[in-house]
Amino acid sequence: MNCNFVKAYFKELSEVMGANVDYLIDLDSVAGDGDLGLTMSDGFKAAYENVASSEESDLGKVFYSAGKAMGSAVPSTMGTLMAKGLMQVGKELKGKAELPDVDMYIIFSSYQEGVAQLGKAKVGEKTFLDGLAPAVKALKDHSNVSLLERCRLAYAASEKGYKETKDMIAVYGRAAIRGEASRSFVDPGAAVAMLMMKALVQAVEGLNR
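Within each chain, residues carry numbers counting from 1 in the order of the written sequence. For a predicted model such as this one, the threshold for reporting local features is a pLDDT of at least 70, and the threshold for listing and counting side-chain atom pairs is 80 or more; totals across whole chains, interfaces and linings nevertheless cover every residue. With hydrogens and water stripped out, all remaining heavy atoms of the structure feed into the side-chain values.

> Give me the side chain of aspartate 28: which residues, what numbers.
Runs of H or I in DSSP of at least four residues are treated as helices and runs of E of at least two as strands, each being numbered from the N terminus. Looking at where aspartate 28 falls in the secondary structure, it is placed in helix α2 (residues 21-31). Throughout, exposure labels follow a simple rule: accessible area from a 1.4 Å probe, protein chains only, divided by the maximum for the residue type, with under 20% read as buried, over 50% as exposed, and the rest as partly exposed. Note on aspartate 28: relative accessible area 10%, which makes it buried. A polar contact is formed between the side chain of aspartate 28 and the backbone nitrogen of aspartate 35, at a distance of 3.2 Å. Each polar contact in these results corresponds to two N or O atoms within 3.5 Å; when the atoms are within protein, one needs to be able to donate a hydrogen and the other to accept it, and residues that are neighboring in sequence are counted only if both atoms are side-chain atoms.

The following block contains the structure:
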């Protein structure tokens with residue numbers, strides 16, 4: 001994996017988030033302020049435009065710059081968390097021009113670390129992490145299969161994690177006010193993680209075309 005793949009991935013991210021604006025708005029409207037769809041669409045679009053115009057070959061610098069661009073474009077709580085994730089990946093991959101396919105999980109484990117550090121959340125608290133953590137585990141545990149199959153497994157794991165947030169009690173944000181009643185809906189942040197995995201599958205599929 002090199003910067004050309006990263007550009008392809010950010011392109012898919014931007015398109016997937018753009019195509020799911022209404023979906024995320026509907027999810028977020030249940031217990032949030034309903035702006036998640038626009039935040040993610042605008043934020044990942046800004047990140048993609050930053051990456052697409054870059055001639056940088058250092059993976060770390062590319063991710064860090066993308067995070068800065070996203071943070072500037074969407075300085076909301078969720079936008080800042082997602083930007084922090086990208087910047088944490090940048091720190092982890094600093095100085096690397098390539099990353100072996102088997103180490104793909106490092107991108108998303110670093111992303112998870114950045115979001116958790118800033119948001120102070122843990123897996124099981126009905127957040128973005130509940131959609132991302134299962135994907136990270138799948139990417140790491142299935143190193144014996146092809147990259148595409150590994151990413152598909154990660155997407156499936158992320159989707160399962162997202163759906164399972166319906167059984168969790170929200171700890172953060174407006175949803176937390178609902179208390180026990182927050183079990184009645186899925187977490188929109190976890191849906192964002194699922195869509196990130198969908199974009200990853202599409203980017204890897206593009207390598208095989």
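> Give me the lowdown on the packing of helix α8 (residues 147-164) against helix α9 (residues 188-207), citing residues and values where you can.
Axis definition: a line fitted to C-alpha atoms, limited for helices to the stretch in contact. Angles are taken between N-to-C directions and run from 0 to 180 degrees. Interaxial distance between α8 and α9 falls to 9 Å at its minimum, and their mutual angle equals 165°. Here α9 runs roughly antiparallel to α8, going by the angle between their axes. For the crossing formed where α8 meets α9, the hand is left-handed. For the pair formed by α8 and α9, the contact residues are Leu147, Leu148, Cys151, Arg152, Ala154, Tyr155, Ser158, Glu159 and Tyr162 on the first element and Ala190, Ala191, Ala193, Met194, Met197, Lys198, Leu200, Val201, Val204 and Glu205 on the second. The nonpolar class holds Ala, Val, Leu, Ile, Met, Phe, Trp, Tyr, Cys and Pro. Asp, Glu, Lys and Arg form the charged class, and all remaining residues, Gly among them, are polar. Partitioning the contact of α8 with α9 into residue classes produces 14 nonpolar, one polar and four charged. Convention used here: angles under 35 degrees read as roughly parallel, angles over 145 as roughly antiparallel, angles from 65 to 115 as roughly perpendicular, and any remaining angle as oblique. For any helix crossing, the convention is left-handed if the near helix is rotated counterclockwise from the far helix by under a right angle, and right-handed if that rotation is clockwise. Residues count as neighbours in contact if any of their non-hydrogen atoms are within 4.5 Å of one another.

> Describe the nonpolar core, listing the residues and the values that go with them.
Counting 65 residues, the largest nonpolar core has Met40, Met82, Phe108, Tyr111, Phe128, Val192 and Met196 as its most contacted members. If you tally residues by element for this core, the top one is α9, at 13 residues. Leave out the neighbours within four places in its chain, and methionine 196 touches Tyr9, Leu13, Met17, Phe44, Phe108, Tyr111 and Phe128. Nonpolar core, defined: a set of buried Ala, Val, Leu, Ile, Met, Phe, Trp, Tyr and Cys residues in which side-chain atoms within 4.5 Å join the residues together.

> Run through the pattern of salt bridges, naming residues and quoting values.
Between Lys or Arg on one side and Asp or Glu on the other, a salt bridge is scored when a side-chain nitrogen of the former is within 4 Å of a carboxyl oxygen of the latter. One pass over the structure, following the stated rule, counts five salt bridges. Salt-bridge contacts for lysine 163 lead to glutamate 159; the nearest nitrogen and oxygen are separated by 3.8 Å. Within this pair, lysine 163 and its partner glutamate 159 are both found in helix α8, separated by four residues, close to a single helical turn. Overall, lysine 163 belongs to the exposed group, its relative accessible area being 51%. Assessed through its relative accessible area of 30%, glutamate 159 is described here as partly exposed. With a closest N to O distance of 2.5 Å, glutamate 164 and lysine 160 form a salt bridge. You can see glutamate 164 and its partner lysine 160 sitting in helix α8, four residues apart, about one turn around the helix.

> Quick rundown of the environment of isoleucine 107? Include the residues and the values.
Locating isoleucine 107 in the fold gives a position in helix α6 (residues 105-119). By relative accessible area, isoleucine 107 is classed as buried at 5%. Considering only alpha carbons, one finds isoleucine 107 and serine 57, 50 residues apart in sequence, at a separation of 16 Å.

> Got a sec to walk through α9? Specific residues and values, please.
Take the number of residues in a helix, subtract one, and multiply by 1.5 Å to get its expected span. Along its 20 residues, α9 runs 29 Å from first to last C-alpha, staying within 8% of the 28 Å computed at 1.5 Å per residue. Among the 20 residues of α9, 15 are classified as buried, and the element is accordingly described as predominantly covered. Where α9 starts, the residue carrying a side-chain oxygen 3.0 Å from the main-chain nitrogen of glycine 189 turns out to be aspartate 187.

> A description of the environment of phenylalanine 128 should follow, citing residues and the corresponding values.
When you line up the elements, phenylalanine 128 lands in the loop between α6 and α7 (129-141). Residue classification places phenylalanine 128 among the buried residues on the basis of a relative accessible area of 4%. Through-space distance from the C-alpha of phenylalanine 128 to that of alanine 170 is 11 Å; in sequence the pair is 42 residues apart. In this view, phenylalanine 128 contacts Met78, Met82, Tyr111, Val115, Asp187, Gly189, Ala190, Val192, Ala193 and Met196; residues no more than four positions away in its chain are not counted.

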